[in-house]
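# Remarks on the overall topology
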Amino acid sequence: MKVLVIGGGAREHALCRSLSLDPDVSALYCAPGNAGIAEVAELYPVDALDGAAVAALATELGAGLVVVGPEAPLVAGVADAVRAAGIPVFGPSAEAALLEGSKAFAKDVMAAAGVPTARSYVCTTPEEVDEALDAFGAPYVVKDDGLAAGKGVVVTADLAAARAHALGCDRVVIEEFLDGPEVSLFAITDGVTVLPLQPAQDFKRALDGDEGPNTGGMGAYSPLPWADPKLVDEVMASVLQPTVDELRRRGTPFSGLLYAGLAITSRGVRVIEFNARFGDPETQVVLARLRTPLASVLLGAATGTLHTEPPLNWHEDAAVTVVIASHNYPETPRTGDPIGGLAEVAAEDAPEAYVLHAGTRREGDAVVSAGGRVLSVTATGSDLAQARERAYKAVGRIRLDGSQHRTDIAAKAAEGR
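Quick look at the structure, then. (Residues numbered from 1 in each chain as written. Predicted model: local features only at pLDDT ≥ 70, side-chain atom pairs only at ≥ 80, totals over all residues. Heavy atoms only, no water.)

Bringing the overall build of the chain into the picture now. Regarding its fold elements, the chain presents 14 helices and 24 strands. Compactness check: the chain gives a C-alpha radius of gyration of 20 Å against a globular reference of 22 Å for 417 residues, within 12% of the reference. Viewed in the frame of its principal axes, the chain has a C-alpha envelope of about 55 × 45 × 40 Å. Out of the 417 residues in the chain, the part that is buried amounts to 56%. A separation threshold of at least 6 residues defines the contact pool for the chain, and within that pool the share at least 24 residues apart is 69%. Of the charged side chains in the chain, 34 are positive and 55 negative, and the gap between their average positions amounts to 2 Å. (Helix = DSSP H or I, 4+ residues; strand = E, 2+ residues; numbered from the N terminus. Rg over C-alpha atoms; globule rule 2.2 N^0.38 Å. Buried < 20%, exposed > 50% of the residue type's maximum accessible area, 1.4 Å probe, protein only. Contact = heavy atoms within 4.5 Å. Lys, Arg positive; Asp, Glu negative; His and termini not counted. Charge placed at Lys NZ, Arg CZ, Asp CG, Glu CD.)

Written out as structure tokens, the structure is:
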């Protein structure tokens, strides 16, 4: 089949890489893509938020499947436009994507479905904000109700900072702090059948030791040697299936990728948030471990035939990804800097380690930075220690002026802590 992927980040590069290795994929396109994706897919310019333009491009290309990567096009209804054109699309409708587009909506769905999550208040006035902050106390968890590119959440012990963030949002969700480690669990679903992937853990803070501001994610690893072996089954039964069933009951079935951000608390698993698409950078490590060809699974979700797919097959290997970010990220990042070392990684470290492009573009013969998170250096190994060693060896070959990366991705897990 011919597949069109919408987006241009490292998540889309990971998806395109997996699809390019799938023997069922006869042609692979990406719009708008980036400098790295251009090596495995044919790129086309498109406004990813314009559903009519995406549907027209998919029709022109004769695509048998469209995969919508980022959240903003999903919330904008791009998947609806492609479906209306009669083309199978992997990604939820705008109504179902509200699970990510509105945290208040997600809380309402979870309450109806009996899904365990943090107690919360939805606030629209300064008075409501003050009451909620006082009710929960520090540490304060303040979430912009809408999409904020991974930067809409503040967790702080500073009351003034929490209040300032809340007052900067039109509508805000303030909730109790959840203790315990965080886990990301993806599931592919056609609105009825739910197929869980392997769990991963990502690192949101910019600096080592989980210091610094929240980011879109600075690295990830999978599997989680410290997690309960029954975790996936438990989350399927208490979170993923009930949520999919509730959305179907409401007449807004969710098909695509349901991402549960979880806290493993002292009182059990709790949902921190839902996303309506593959997470970045967790996708990079999860797909690195997936042995099953990807296209037929995504098509099954898009066409309501997921129940006919065999169980997913996984490599025993571990995977680690380290994000290389530009100068000053997550504030206003510097762009346009040339990137060196990509050919060296390809020559010296592949196939165990490879570079997925996030914010890059080509200028003549050079690849330059074009965003805050620039590259995801991903590696596999027999265990986390080996995967981590390979990833950081490859990171050491990359040259990008002023760049930054965390040095402790998967360090504790690799040491058995």
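On we go from here.
So, on to the sheet that holds strand 1 (residues 2-7). On the basis of which strands lie adjacent, the open sheet formed by 5 strands has the order 3-2-1-4-5 and parallel pairing. Edge strands, defined here as strands with exactly one partner in the open sheet, are strand 3 (42-43) and strand 5 (89-90). Two strands pair when backbone bridges link them, and strand 1 and strand 4 (residues 65-68) are joined in this way by 4 bridges, in the parallel orientation. Residue V3 lies in a different strand from strand 4, and its bridge partner there is L65. Strand contacts of helix 1 (residues 10-20): strand 1, strand 2 (27-32) and strand 4, with the helix running at about 170° to strand 1, the strand carrying the most contacts. Helix 11 (residues 294-303) rests against strand 4 and strand 5 of the sheet, and its axis sits at about 90° to strand 4. (Pairing = 2+ DSSP bridges. Axes fitted to C-alpha atoms, helices over the stretch in contact; angles between N-to-C directions.)

Bringing the side chain of N275 into the picture now. When you line up the elements, N275 lands in strand 17 (residues 268-275). In contact with N275, not counting residues within four places along its chain, are E100, L257, L258 and Y259.

With 78 residues, the main nonpolar core has L4, V66, L99, L240, F274 and V320 as its most contacted residues. With 8 residues, the top contributor of residues to this core is helix 9 (residues 231-249). Once you skip the residues sitting within four places of it in the chain, L4 turns out to touch Y29, C30, A31, V54, L57, A58, L61, A63, L65, V66 and V67. Counting residues in each nonpolar core, the second largest holds 40 residues, with V286, L290, L294 and V297 among its members. (Core = buried A, V, L, I, M, F, W, Y, C linked by side-chain atoms within 4.5 Å.)

A few words on the packing of helix 7 (residues 126-136) against helix 8 (residues 159-167). In contact at an axis separation of 10 Å, helix 7 and helix 8 are set at 145° when each is read in the N-to-C sense. Considering the relative orientation of helix 7 and helix 8, their crossing is right-handed. Across the interface between the two elements, P126, V129, D130 and L133 from helix 7 touch L159, A162, R163, A166 and L167 from helix 8. Its residues placed into classes, the contact of helix 7 with helix 8 shows 7 nonpolar, no polar and 2 charged. (Left-handed = near helix turned anticlockwise from the far one by under 90°. Nonpolar A, V, L, I, M, F, W, Y, C, P; charged D, E, K, R; others polar.)

Of all 6 residues in strand 2, 5 are buried; the element is thus mostly enclosed. As paired strands, strand 1 and strand 2 are joined by 6 bridges and run parallel to one another. For G7, the partnering residue across the bridge sits in strand 2 and is P32. Considered for its hand, the β-α-β crossover made up of strand 1, helix 1 and strand 2 is right-handed. Pairing of strand 2 with strand 3, which is carried by 2 bridges, proceeds in the parallel orientation. Considered in strand 3, the bridge of Y29 is made with E42. (Right-handed = clockwise from strand over helix to strand, strands pointing away.)

At a closest axis distance of 8 Å, the pairing of helix 1 and helix 10 (residues 282-289) adopts a crossing angle of 15°. In terms of axis orientation, helix 1 runs roughly parallel to helix 10. Here helix 1 runs over helix 10; the crossing is left-handed. For the pair helix 1 and helix 10, contact is made by A10, R11, A14, L15 and S18 and by T283, Q284 and L287, respectively. Residues that form the contact of helix 1 with helix 10 fall into these classes: 4 nonpolar, 3 polar and 1 charged. (Parallel < 35°, antiparallel > 145°, perpendicular 65-115°, else oblique.)

Taken together, the side chains of E127, E128, E131 and D134 define an acidic patch exposed on the protein surface. Mapping E131 onto the fold places it in helix 7. With relative accessibility at 60%, the residue E131 sits in the exposed group. (Patch = residues over 30% accessible without salt bridge, like charges linked within 9 Å, V, L, I, M, F, W, Y side chains within 5 Å. Areas by Shrake-Rupley, 256 points an atom, 1.4 Å probe, with all protein chains shown as cover. Salt bridge = Lys/Arg side-chain N within 4 Å of Asp/Glu carboxyl O.)

With that settled, consider the side chain of D22. Looking at the element boundaries, D22 is found in the loop between helix 1 and strand 2. Buried and unpaired, D22 has R17 as its nearest opposite-charge partner, separated by 12 Å. Within the local environment of D22, its side chain forms a polar contact with the backbone nitrogen of A295, the two atoms lying 2.8 Å apart. The contacts of D22, once residues within four sequence positions are left out, are P293, L294, A295 and S296. (Polar contact = N/O pair within 3.5 Å; in protein donor to acceptor, adjacent residues only side chain to side chain.)

Attention now goes to the state of the cysteines. In total, this model carries 0 disulfides according to the counting rule given. Unpaired in this structure, C16 has its nearest cysteine sulfur neighbour in C30, at a distance of 4.1 Å. For C16, a relative accessible area of 0% puts it in the buried group. (Disulfide = S-S within 2.5 Å.)

It is worth spelling out the sheet that holds strand 16 (residues 256-265) at this point. As a general point, the strands of a sheet are linked pairwise by backbone hydrogen bonds and lie either parallel or antiparallel. Judged by pairing direction, the sheet is antiparallel, and its 4 strands sit side by side in the order 11-10-16-17 without closing on themselves. A strand with exactly one partner marks an edge of an open sheet, and here the two such strands are strand 11 (194-196) and strand 17. Neighbour-to-neighbour, the strand axes of the sheet open up by a mean angle of 35°, direction not taken into account. Relative to strand 16, strand 10 (residues 182-189) runs antiparallel, the two being bridged by 8 bridges. If you follow L185 over to strand 16, its bridge partner there is A260. Contacting strand 10, strand 11, strand 16 and strand 17, helix 9 runs over the sheet at an angle of about 125° to strand 16.

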